[in-house]
Amino acid sequence: MAVAMFRPPVKRFSLLALLALALLPGCSLGSNDAGGRSATDDRTTALQCITGAGVDARLEGPEKDQQIVIGDSSDPPHVKFFLTAGEAEAEQFQGHGEGAEQIGGTLLYVGDGSDDMLKPVEKCLADL
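Basis of the calculations
- Residues numbered from 1 in each chain as written.
- Predicted model: local features only at pLDDT ≥ 70, side-chain atom pairs only at ≥ 80, totals over all residues.
- Heavy atoms only, no water.
- Helix = DSSP H or I, 4+ residues; strand = E, 2+ residues; numbered from the N terminus.
- Buried < 20%, exposed > 50% of the residue type's maximum accessible area, 1.4 Å probe, protein only.
- Contact = heavy atoms within 4.5 Å.
- Areas by Shrake-Rupley, 256 points an atom, 1.4 Å probe, with all protein chains shown as cover.
- Pairing = 2+ DSSP bridges.
- Axes fitted to C-alpha atoms, helices over the stretch in contact; angles between N-to-C directions.
- Disulfide = S-S within 2.5 Å.
- Polar contact = N/O pair within 3.5 Å; in protein donor to acceptor, adjacent residues only side chain to side chain.
- Expected span 1.5 Å × (residues − 1).
- Arc of directions from axis to C-beta.

K.L.:
How should the overall build of the protein chain be read in this particular structure?
P.N.:
Scanning the protein chain for helices and strands turns up 5 helices and 5 strands. When the elements of the protein chain are put in sequence order from the N terminus, they spell out α-α-α-β-β-β-α-β-β-α. In the protein chain, buried positions account for 27% of the 128 residues. Across the protein chain, contacts joining residues at least 24 apart in sequence account for 40% of those joining residues at least 6 apart. Surface summary for the protein chain: the accessible area is close to 8,700 Å², and the carbon and sulfur share equals 58%.

Now the structure itself:
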């Protein structure tokens, strides 16, 4: 008879465990740049910040893959945007980020940009 009394707590524990698992996706785990942002909004925000800092920059490329190009030199610095920092990091691991600095969900290809030109760009990207 004592064995029968222990069954309800096991069922209750199972129910609580399932409830906890159901609520887990709603928790805010991970970093702020883990995903869910819009690369388009980041491009617009970054471009406004960069040009507001007095750096000559513009958007170039197809609408969904636009990059910010800085200056008019033969090898201008440019910024490529990704939805997450993990995507940007993966791009480098796949060998597509040579000469680039990862800043959050972006890759800043420095080209022939000077430190003085790139400093405000780096700050704008870090503030996204």
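K.L.:
Hey, could you run me through the sheet that holds strand β3 (residues 78-81) in this one?
P.N.:
One open sheet accounts for 5 strands, arranged β1-β2-β3-β5-β4; its pairing is antiparallel. In this open sheet, the two strands that pair with only one neighbour each are β1 (57-60) and β4 (100-103). Taking the axes of each pair of neighbouring strands and ignoring which way they run, one obtains an average angle of 25° across the sheet. Alignment of β1 against strand β2 (residues 67-70), held across 4 bridges, turns out to be antiparallel.

K.L.:
Just checking my understanding: could you explain the state of the cysteines for this structure?
P.N.:
Defined simply, a disulfide is a covalent bond joining two cysteines at their sulfur atoms. Taken as a whole, this structure holds 1 disulfide when the rule is applied. Each disulfide pairs two cysteine sulfurs, and for Cys49 the partner residue is Cys124, the sulfurs being separated by 2.0 Å. Between Cys49 and Cys124 the disulfide shows an S-S torsion of about -75°. By sign, it is left-handed. Remark: Cys124 occurs in helix α5 (residues 115-126) and Cys49 occurs in helix α3 (residues 39-52); sequence separation between them is 75 residues. The class for Cys49 is partly exposed, based on a relative accessible area of 31%.

K.L.:
How should I be thinking about the side chain of Thr106 in this particular structure?
P.N.:
Tracing the sequence through the fold places Thr106 in strand β5 (residues 106-109). One polar contact links the side chain of Thr106 to the main-chain carbonyl oxygen of Ile103, over a distance of 2.6 Å.

K.L.:
So what exactly am I meant to see when it comes to the pairing of β5 here?
P.N.:
Where a strand is regular, its side chains alternate between the two sheet faces. Alternating positions in β5 separate into two faces, Thr106 and Leu108 on one and Leu107 and Tyr109 on the other, with burial throughout. Note that β4 and β5 share 4 bridges and pair antiparallel. In the sheet register, Ala100 faces β5, and the bridge partner there is Tyr109. The hairpin turn running from β4 into β5, its antiparallel successor, is 2 residues long, and Gly104 in that turn takes a positive phi close to 60°.

K.L.:
Teacher, can you tell me more about the environment of Glu87 here?
P.N.:
Among the secondary structure elements, Glu87 is positioned in helix α4 (residues 85-93). Take Glu87: its relative accessible area is 38%, and that puts it in the partly exposed class. Once the C-alpha coordinates of Glu87 and Thr106 are considered, the two residues, 19 residues apart in sequence, prove to be 8.9 Å apart.

K.L.:
What is the right way to read α5 from this model?
P.N.:
Residues that lie three or four places apart on an α-helix share one face, since the helix turns once every 3.6 residues. Between the first and last C-alpha of α5 there are 16 Å, a value that for 12 residues agrees with the 16 Å anticipated at 1.5 Å per step. Along α5, the residues classified as buried are Leu118, Val121, Cys124 and Leu125. Along the long axis of α5, the arc covered by the buried residues comes to 115°, so they all point the same way. Summarising the geometry of α5, the exposed residues directed more than 90 degrees from the buried face are Asp115, Asp116, Lys119, Lys123 and Ala126.

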